[in-house]
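Listed here are the chains, written in short residue letters.
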Amino acid sequence: MSYRGYEAVIGIEIHVQLSTASKMFCPAQTTFNAGDNENTTPVSVGMPGTLPVVNKKAIEYSIKTGLALGCDIRRKSVFARKNYFYPDLPKGYQISQYDQPICENGSVTFKLDGEEKTISIARAHMEEDAGKSNHHGDYTLINYNRAGIPLLEIVTGPDLRSPAEAAEYGRTIHQIVRYLDVCDGNLEEGSMRCDCNVSVRKVGAPQFGTKVEIKNVNSFRFVEKAIEYEIERQIDVVERGDKIIQETRLWDPDKNRTFSMRTKEDAQDYRYFADPDLLPVIVTDAMIAKFKSELPELPIARANRFQAEHSLPEHDAKVLTSEKQLADYYEETAKVSKNYKSSANWIMTELLRELNSANKPITESPIKPEQLGRMIALIDNGTISGKIAKTVFQEMWESGKDPEVVVKEKGLVQISDPAAIEKIVEEVLAANAQTVEDHKSGKKKNLFGFFVGAVMKSSKGQANPELVNKILQEKLK
Amino acid sequence: MDLTFASISEIADAVKNKSVSAKEVAQHFQTRIETLDRKLNSFTSINPNSLSDAAEIDARIAKGEDVGPMAGVPFGIKEMLCTKGIRTTAGSKILENFIPPYDATVVARLKKAGVVVLGKLNQDEFAMGSSNETSFHGSVKNPWNLECVPGGSSGGSAAAQAARLVAGTIGTDTGGSIRQPASFCGIVGVKPTYGRVSRYGIIAYASSLDQAGPMVSSVKDAALTLEVISGFDENDSTTTQKQVPAWSKSLKSDIKGLKIGIKKENMAGSLHPDVQKTVEKSIETLKQMGAEIVEVSVPLTEMAVPVYYLVAASEASSNLARYDGVKYGYRADFKNLSAIELDEFYGKTRGEGFGAEVKRRIMLGTYCLSSGYYDAYYNKAGQVRRLITNQYLEAFKKCDVILSPVTTAPAFKLGERIDDPLEMYLNDIFTTSTNLAGLPGMSVPFGLSQDGLPIGIQLTACHFEEQKMLDVAFALESASSVKGKHPHVV
């Protein structure tokens, strides 16, 4: 993609909060809504003499994520100390992985505008989060609830070329970690944060330009906007004949721009060294085999399968696989209904609309996939019409009742007996003798629809529309 | 029974069979602390609850409960170890008023074994020093000669134990901080194999070197104490899963056929003649007892002091970063300033909170780890460290225990070396390599200098071979000329 003759080179670092019950190195809780400094232990606030102990679940989640991203899993990875001073960093160093991260050399593939893109993953390493400083004018309060929360930092190669790609990459990672159930993906609560490295160069130039880092962007829409802004800003700078300063910038969502946070001159010397309090993380082949066997089918593979095996359009497959639970719901529905496209349609239109307006996740749908599947089967075997189905669906949504029960209780079975329909048609025609005349004489046009409507109304919508059409046509000849 | 000179098991047995109550024992030693410690300055805090803690042991015994192998035995704990509810400063102003809400694992295990903690013992600030002169609480005096240093950094532990203000103490050893003061004060000090004893709750100086151990009056007391404090701890990932042997029960002075290694490099240096004589005599004694003396070589031990200071200072610069005045401990006074920059906040707080030696090592360590110097210093030190370990492992193929001096000379005078850090660092020439290699090492008192100062012998064994080391020490102890002698303050 070219911008005024320039090309953007983008790399993304995503901090994924691993959804373990306790912190990376101590048993403190990780619940989001805890009171200030409630989720702390002597270890997580760095009290003298305390020592970290690695959370095994965090290692499992990291390996699973690495496997899903096609990474090599290091059999021996090492925790290092990243030394710097900040009030919300309790120990004066952050435990992170440095030159020996647990996952390396992977890739992730996604589709954007129908085209497949593969982005390399340079590494994914485990680290602990810092606390949070709340500045109030001339004083600052610190909350250590986040201090020690386990993070996996996923780092791409400089492979992304457009803001849209960057955002789609982010969404793909979001989808994958949600599929793996290693991260709740709650961006508002900071469960995922993106750092974007952006540089520009003349199209065809062999060298990368000077890169600028935009830190802590917390939505994929902002990732796209921040990078868009940054590309334009950098091109302006270069066009003016100035040099890009290597710096860290922040995104201001209100002003729609990035602004400088610190330049390279203030860059820290982190003085990394292997943390002597922790042993290397040893990963065995057996662990890898076990975690591999536990991996779910990933979204892009699942979408491809839905397209191939269920003949779903790309759009449907993508929507239905956006979340694992939604894809599971669809598959169960389709298994019962035996009608893939109809299942997809009902879920994407009626069900998702209701869920969205009720602000409910798919897992809390009052209509179970099996019930929706049976309702679709009722349409397909002619028991109810598509139109009645909408009424049935509403009733199921409100009461959670089985479709058969709703149909029976409300007397919604479709009338498919030609004799019964003929009777209704005759009644309708008799009651509208004048209109029949008008129709037959051709005095007024387009009256056929009026009769269909009247018959359907008279049958409380239960008449099989095809038969109504057929019989009306005969009678009105 | 003379409580003052009773062994740990003698006191525990007497308390258990109720010939003396734990409370009486605590009272006896508390009185000794009150009357004698004015001269020594070995205690920094007194446990206000020691008598009620002792009474609780008595109550449990009265109920017929098993209170552990150290029932009612009074201990002093080096300030490096956190003690729940008792001030723990690591000898530093920066932790002036720190009262931990938790016990170090070592302390918890001692308590579980029935120990009554009488108080906290003085030390060099953050265990950085070899003379106990860097403590925020002032210097400790050597009970054998009040003009001399007790050694460091566990000087308070060594002095309190030598003067029998307690029945047992715990010290920590990063580069010799248990063995050197033990030698200077005529007591037994053991640094176990790295990983034997949990570091949880021990204020970190250099994490890859620190290890706590007993500083007591006899080899048997050392073996028993070591048994109580050793073993895997789920709060310290670097502790070993290996079982803790019953060292005190297996202790034997029969060392026939054991091979005692003598490092030829150690003898080349300029030893004080009294130390030289003591070492020679110890070798002669062991030979007579049937041990075989073999010459071994660990040539890189000459590199041990610089390597030690690079590793220790680097880790310390990181470990001590947490003392920043934000969460606990000392904070500089900013009352008259309307606004302060963060750097100023840290600079003033840490500048006022840390002493000169600590600052020196933090600066050294920060420099060693900084980009551009890391490879030349920290990384290189790590490589030499591995080679030292390998050379030791080679040496232990030829012998069971290595015998060497602990220090070049007996205890020196207070103030003699404090202005010469390099001279002070060279104190550690015989002890640091043991920590770098993670080996167990100990000092057992064996001789007296012409001035009447005790001189210890250092024994080092291969990883997890504490038993052999203790056996040789037990044998030497039986022939020690310090045996039965006590410092004049007592």
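Residues numbered from 1 in each chain as written. Chains lettered and ligands numbered in written order. Predicted model: local features only at pLDDT ≥ 70, side-chain atom pairs only at ≥ 80, totals over all residues. Heavy atoms only, no water.

Participant: Teacher, can you tell me more about the overall build of chain B here?
Facilitator: If you tally the helices and strands in chain B, you get 17 helices and eleven strands. Rg of the C-alpha trace for chain B: 21 Å, near the compact-globule value of 23 Å for 490 residues, within the 12% margin. Overall size of chain B, expressed as C-alpha extent along the three principal axes, is 70 × 55 × 45 Å. Taken across its 490 residues, chain B has 64% of its residues classed as buried. (Helix = DSSP H or I, 4+ residues; strand = E, 2+ residues; numbered from the N terminus. Rg over C-alpha atoms; globule rule 2.2 N^0.38 Å. Buried < 20%, exposed > 50% of the residue type's maximum accessible area, 1.4 Å probe, protein only.)

Participant: Honestly, the overall build of chain A in this entry has me stumped. Any pointers?
Facilitator: Secondary structure assignment for chain A yields 15 helices and 16 strands. For 477 residues, the compact-globule formula gives about 23 Å, and the C-alpha radius of gyration of chain A, at 30 Å, lies well above that figure. Projecting the C-alpha coordinates of chain A onto the three principal axes gives extents of approximately 95 × 55 × 50 Å. Taking all 477 residues of chain A together, 52% fall into the buried category. Taking all contacts inside chain A whose residues are at least 6 apart in sequence as the whole, residues at least 24 apart take part in 68%. Charged side chains of chain A number 63 positive and 69 negative; the gap between the two group centres comes to 2 Å. (Contact = heavy atoms within 4.5 Å. Lys, Arg positive; Asp, Glu negative; His and termini not counted. Charge placed at Lys NZ, Arg CZ, Asp CG, Glu CD.)

Participant: Hey, could you run me through the packing of aromatic side chains in this one?
Facilitator: Remark: the centre distance and the inter-plane angle together describe each pair of aromatic rings, the angle taken between the planes. All names here are of chain B. Counted according to the given criterion, the structure contains 25 aromatic pairs over all chains. Residues Phe 126 and Phe 354 carry aromatic rings whose centres are separated by 5.9 Å and whose planes lie at 65° to one another, so their mutual orientation is edge-to-face. Of this pair, Phe 126 sits in the loop between strand 3 (116–121) and helix 5 (155–162) while Phe 354 sits in the loop between helix 12 (342–353) and helix 13 (356–369), and the two are 228 residues apart along the sequence. Each member of the pair, Phe 126 as well as Phe 354, is classed as buried. Centre to centre, the rings of Phe 334 and Phe 345 are 5.3 Å apart; their planes meet at 25°, and the pair counts as stacked. Linking Phe 334 in the loop between helix 11 (304–319) and helix 12 with Phe 345 in helix 12, this pair joins segments that are eleven residues apart in sequence. For the residue pair Phe 334 and Phe 345, the accessibility class agrees, reading buried in each case. Above the ring of Phe 334, the side-chain terminus of Lys 348 is found at 5.6 Å from the ring centroid. (Phe/Tyr/Trp six-rings, centres within 6.5 Å; stacked < 30°, edge-to-face > 60°. Lys NZ or Arg CZ within 6 Å of the ring centre and 35° of its normal.)

Participant: For this particular structure, what's the right way to read the sheet that holds strand 4 (residues 168–173) of chain B?
Facilitator: Hydrogen bonds between backbone groups are what pair the strands of a sheet, and the pairing can be parallel or antiparallel. All names here are of chain B. With mixed pairing, eleven strands are arranged side by side in an open sheet as 1-3-2-4-6-5-10-11-9-7-8. If you trace the sheet from one side to the other, it starts and ends with strand 1 (43–46) and strand 8 (292–296), each paired once. Between one strand and the next, the sheet's axes are offset by a mean angle of 30°, whatever the strand orientation. The pairing of strand 2 (residues 74–78) with strand 4 spans three bridges and is parallel. Bridging across to strand 4, Ile 77 finds its partner in Ile 170. Contacting strand 2, strand 4, strand 5 (188–191), strand 6 (211–216) and strand 10 (441–448), helix 7 (residues 219–229) crosses the sheet at an angle of about 145° to strand 6. (Pairing = 2+ DSSP bridges. Axes fitted to C-alpha atoms, helices over the stretch in contact; angles between N-to-C directions.)

Participant: Teacher, can you tell me more about the domain arrangement of chain A here?
Facilitator: How large an interface is tends to be reported as the accessible area lost when its parts come together. Taken as a whole, chain A is organised into domain 1 (2–290), domain 2 (298–410) and domain 3 (418–475). A straight line from the C-alpha centre of domain 2 of chain A to that of domain 3 of chain A covers 33 Å. (Domains from an automatic or database assignment.)

Participant: Looking at this structure, how should I read the interface of chain A and chain B?
Facilitator: Facing 30 residues of chain A, the contacting portion of chain B comprises 37 residues. With both chains or domains summed, chain A and chain B bury close to 2,700 Å², and 59% of this area falls on carbon and sulfur atoms. When residues of chain A are sorted by the area they lose upon contact with chain B, Pro48(A), Phe85(A) and Arg271(A) head the list and together hold 23% of the total. Linking chain A with chain B are one salt bridge. (Buried area = accessible area lost by both parts, 1.4 Å probe. Salt bridge = Lys/Arg side-chain N within 4 Å of Asp/Glu carboxyl O.)

Participant: Where do I start with the nonpolar core in this structure?
Facilitator: Ranked by size, the top nonpolar core spans 142 residues in total, and within it Met70(B), Leu110(B), Phe126(B), Leu403(B) and Leu459(B) carry the most contacts. No other element matches the nine residues that helix 11 of chain B contributes to this core. For Met70(B), the residues in contact, after removing those within four places along its chain, are Ile8(B), Ala12(B), Phe75(B), Leu110(B), Ala113(B), Gly114(B), Val115(B), Leu224(B), Thr225(B) and Val228(B). Counting residues in each nonpolar core, the second largest holds 65 residues, with Met24(A), Leu112(A), Ile173(A) and Trp251(A) among its members. (Core = buried A, V, L, I, M, F, W, Y, C linked by side-chain atoms within 4.5 Å.)

Participant: I'm lost on the pattern of salt bridges in this one. Help?
Facilitator: Think of it this way: side chains of opposite charge can pair up when their charged atoms draw near. All names here are of chain A. Evaluation of the coordinates by the stated rule reveals 60 salt bridges over all chains. The partner of Arg 178 in a salt bridge is Glu 323, with the nearest N and O atoms 2.9 Å apart. Of the two residues, Arg 178 is situated in helix 2 (residues 163–180) and Glu 323 in the loop between helix 6 (314–320) and helix 7 (324–337); the sequence distance between them amounts to 145 residues. Given a relative accessible area of 29%, Arg 178 falls into the partly exposed group. Overall, the relative accessible area of 29% leaves Glu 323 in the partly exposed class. In this structure, Lys 215 engages Asp 195 in a salt bridge whose closest nitrogen and oxygen atoms are separated by 3.2 Å. One end of the pair, Lys 215, is in strand 12 (residues 212–217); the other, Asp 195, is in strand 11 (residues 192–202), and 20 residues separate them in sequence. A relative accessible area of 1% places Asp 195 in the buried class.

Participant: Could you clarify how one ought to interpret the state of the cysteines in this entry?
Facilitator: Disulfide: a covalent bond connecting the sulfur atoms of a pair of cysteines. This structure, assessed with the given rule, holds zero disulfides over all chains. Cysteine Cys26(A) is unpaired, with the sulfur of Cys82(B) as its nearest cysteine sulfur at 16 Å. When its relative accessible area of 9% is taken as the criterion, Cys26(A) is described as buried. Between Cys148(B), a cysteine without a disulfide, and Cys185(B), which holds the nearest cysteine sulfur, the sulfur-to-sulfur distance is 9.7 Å. By relative accessible area, which is 3% here, Cys148(B) ends up buried. (Disulfide = S-S within 2.5 Å.)

Participant: Would you mind going over the UniProt feature "active site" (unreviewed entry) in chain B with me for this structure?
Facilitator: All names here are of chain B. When the UniProt feature table is mapped onto this chain, "active site" (unreviewed entry) is found at Lys 78, Ser 153 and Ser 177. A maximum C-alpha distance of 11.1 Å is found for the annotated residues, which run over 100 residues; spatially they form one tight group. As for its position among the elements, Lys 78 is in strand 2. By relative accessible area, Ser 153 is classed as buried at 0%. (UniProt positions renumbered as here; feature names shortened; annotations may be inferred.)

Participant: Can you help me understand unusual backbone geometry in this one?
Facilitator: Working note: non-glycine residues mostly have negative phi, and peptide bonds are mostly trans. That bond from Gly152(B) to Ser153(B) is cis: its omega, 5°, falls within 30 degrees of zero. With respect to the helices, strands and loops of the structure, Ser153(B) is situated in the loop between strand 3 and helix 5. The phi angle at Arg4(A) is positive, at roughly 50°, despite the residue not being glycine. Relative to the assigned elements, Arg4(A) resides in the segment before strand 1 (6–17). Phi at Ala127(B) is positive, roughly 65°, even though this residue is not glycine. The topology assignment puts Ala127(B) in the loop between strand 3 and helix 5. Accessibility expressed as a relative area gives 3% for Ala127(B), which makes it buried.

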